Amino acid sequence: MDKKLLEILVCPVCKGPLTYRRAELELVCFGCRLAYPIRDEIPVMLEEEARTLGPDEKRD
Amino acid sequence: MKRFRRVYYDLFSRWYDRIIAMHSGDASARARDFLVERAGVGAGGRVLDLCTGTGAVALRARRTTGPDGLVVGLDFSTGMIGRARAKAGQSPTSPAASPPVSSAASSPTLPAAEEARPAASPGLGFVVGDASRLPFGDGSFDVVTCSHAMYELGPEVRGGVLAEARRVLRPGGRFVMMEHTEPSHPVTRFLYGVRLAAMGSAKNRDFARDERPFLARHFADVTLELSSTARSKLVRGVKGA
């Protein structure tokens, strides 16, 4: 994914910062506890497509 | 409803370029030139193209902004975004295997080179997202474009989309939307009316007659300009300080 694009991406719900989890191919908002998937290199920034973080998933 | 529409556009993405090429051909390429020229963006500029569909405007904008700029195409349909990436040579699975959709059913004058950008296209990215809940930080872009989609959004969503477009623009940045003008031929005029009614409500007609008062709620210096053929209109607004 383009580095410049990654820099401006925020959570669409709270507009807070995202953590890029390269191995999981996810963009994580710890504020909303949502993980947005990156599918075929495309960030899918829809709340309804996001995975809710488990209780044990902590900030990296 | 939104889920249904996403499925609709995912399916529609397979034939979209062919259908558009059949009834507008290179006129739509000229309209995109007009849009990008009037957006006033140069090399190194940052552009967000809302409801990018199969990415035609984003690809055209990328030609102007170049590798040092950033063009982001956003659409809520994964199918449309997949097509857009294939056209940009960014499809991870089949970069060259995708059919030449733009030239399949059209005249040789169609700018095929524009549609088939060389591989990778640095400075061009695509995102699946909701135009009324943009996943970009404040002030991220110089220009936000939206071509032939504002009518489809419907009156209840449109205000939110304009507010979000304003938020992601830098101060002094421009929002530029393009639409067809009301056709003069009675048959196409009837179909145009059906399009407006089907996608929202009767209020859509007010927006289509004159978008300026709606844009003026969010932007300064709102202007409306017709293309040389008068078939397209371009409405622009500036984000005030």
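Look above for the structure.
The shown structure was predicted, so the numbers you read here are calculated from the model rather than taken from an experiment.

Criteria and thresholds
Residues numbered from 1 in each chain as written. Chains lettered and ligands numbered in written order. Predicted model: local features only at pLDDT ≥ 70, side-chain atom pairs only at ≥ 80, totals over all residues. Heavy atoms only, no water. Core = buried A, V, L, I, M, F, W, Y, C linked by side-chain atoms within 4.5 Å. Buried < 20%, exposed > 50% of the residue type's maximum accessible area, 1.4 Å probe, protein only. Helix = DSSP H or I, 4+ residues; strand = E, 2+ residues; numbered from the N terminus. Contact = heavy atoms within 4.5 Å. Polar contact = N/O pair within 3.5 Å; in protein donor to acceptor, adjacent residues only side chain to side chain. Buried area = accessible area lost by both parts, 1.4 Å probe. Salt bridge = Lys/Arg side-chain N within 4 Å of Asp/Glu carboxyl O.

## Re the nonpolar core
Nonpolar side chains in soluble globular proteins tend to be buried together. By size, the foremost hydrophobic cluster in this structure holds 42 residues, and its most contacted members are L48, L50, F136 and F175 of chain B. Of all the elements, helix α9 (residues 155-168) of chain B adds the most residues to this core, at four residues. The contacts of L50 of chain B, once residues within four sequence positions are left out, are L74, A131, L134, V144, T145, C146, V161, A165 and F175 of chain B. Counting 25 residues, the second largest nonpolar core, distinct from the first, contains V44 of chain A together with A31, V71 and I81 of chain B.

## Side note on the side chain of D130 of chain B
All names here are of chain B. Within the fold, D130 resides in the loop between β3 (124-129) and β4 (141-147). Residue D130 is classed as buried on the basis of its relative accessible area of 13%. Of note is the side chain of D130, whose polar atom sits 2.8 Å from the side chain of S132.

## Considering the interface of chain A and chain B
The figure often quoted for interface size is the accessible area lost as the parts come together. Taken together, the 19 residues of chain A in the interface contact 31 residues of chain B. Summed over both sides, the interface of chain A with chain B buries roughly 1,900 Å², with 57% coming from carbon and sulfur. Interface area lost by chain A to chain B is led by K4, I8 and I42 of chain A, which between them contribute 30%. Counting across the chain A and chain B interface gives five salt bridges. E47 of chain A is the salt-bridge partner of R133 of chain B, the closest N and O atoms lying 2.7 Å from each other. Secondary-structure elements contributing two or more residues to the side of chain A that touches chain B are α1 (3-8) and β4 (42-45) of chain A. For the side of chain A that touches chain B, the element with the most residues is β4 of chain A, which contributes four residues.

## Let's talk about helix α4 (residues 56-65) of chain B
Residues three or four positions apart in an α-helix share a direction because the helix packs 3.6 residues into each turn. Residues and elements named next belong to chain B. The buried fraction of α4 amounts to eight of the ten residues, a majority that puts the element mostly inside the structure. Listed in full, the buried residues belonging to α4 are A56, V57, A58, L59, R60, A61, R62 and T65. Just beyond α4, the residue with positive phi is G66, at close to 75°.

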